[in-house]
Amino acid sequence: VGVDAAPPAFALESNHPNPFTSATTIDFKVAERSNVRIEIFDLKGSLVRTLVNETVDAGGYPVTWDGTDAAGHVMASGTYIATMTAGSFTSSVKMSLDKTQ
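A brief report on the enclosed structure follows.

## Topic: the sheet that holds strand 4 (residues 47-56)
Move 1: Pairing is antiparallel in the open sheet, where 4 strands are placed in the order 4-3-6-7. Whereas interior strands pair on both sides, the edge strands pair on one side only; in this sheet they are strand 4 and strand 7 (89-97). Direction aside, the axes of adjacent strands within the sheet are offset by 15° on average.
Move 2: Where strand 3 (residues 34-42) and strand 6 (residues 78-86) come together, 7 bridges link them in antiparallel fashion. By the bridge assignment for strand 6, R37 is matched with T85.

This is the structure we're talking about:
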């Protein structure tokens, strides 16, 4: 995991590419050392996968989601939500998985 200089605030950036066919990168920023949790949910609100659940130092980080669930099964095309929680900070972004491309 690469680390950038400490950002001034917490942030969850939009994933890229979006839509994606096999993998996408989600960048997030942490203003101070915090326990960070990044989870992927389907539109029904079911947890698909936890990508990050650890304490990280202040900085910017990328995390990649390969379109699979916690058991390694490839997810169907559709819209998914990435949610980041760090202390009292919570943010979400929509992602589109398109297996038809």
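## Structural notes on the sheet that holds strand 1 (residues 11-12)
Move 1: One open sheet accounts for 3 strands, arranged 1-2-5; its pairing is antiparallel. The outermost strands of the open sheet, each flanked by one partner alone, are strand 1 and strand 5 (59-65).
Move 2: Here strand 1 runs beside strand 2 (residues 24-30); their pairing, made up of 2 bridges, is antiparallel. Each residue of the ladder has a partner; that of A11, found in strand 2, is K29.

## What to know about the pattern of salt bridges
Move 1: Per the stated rule, a full pass over the model turns up 4 salt bridges.
Move 2: Put simply, E39 and R37 hold a salt bridge, and the shortest N to O gap is 2.7 Å.
Move 3: We classify R37 as partly exposed; its relative accessible area is 29%.
Move 4: Residue R49 is joined to D66 by a salt bridge in which the shortest nitrogen-to-oxygen separation is 2.8 Å. Taken together, the positions of R49 in strand 4 and D66 in the loop between strand 5 and strand 6 put the pair 17 residues apart, joining distant regions of the chain.
Move 5: Classification of D66 as partly exposed rests on a relative accessible area of 35%.

## What to know about unusual backbone geometry
Move 1: H16 connects to P17 through a cis peptide bond whose omega is -5°.
Move 2: Looking at the secondary structure, you find P17 in the loop between strand 1 and strand 2.
Move 3: For the peptide bond that leads from N18 to P19, omega is 5°, which places it in the cis range.
Move 4: With respect to the secondary-structure elements, P19 resides in the loop between strand 1 and strand 2.

Rules behind the numbers
Residues numbered from 1 in each chain as written. Predicted model: local features only at pLDDT ≥ 70, side-chain atom pairs only at ≥ 80, totals over all residues. Heavy atoms only, no water. Pairing = 2+ DSSP bridges. Helix = DSSP H or I, 4+ residues; strand = E, 2+ residues; numbered from the N terminus. Axes fitted to C-alpha atoms, helices over the stretch in contact; angles between N-to-C directions. Salt bridge = Lys/Arg side-chain N within 4 Å of Asp/Glu carboxyl O. Buried < 20%, exposed > 50% of the residue type's maximum accessible area, 1.4 Å probe, protein only.

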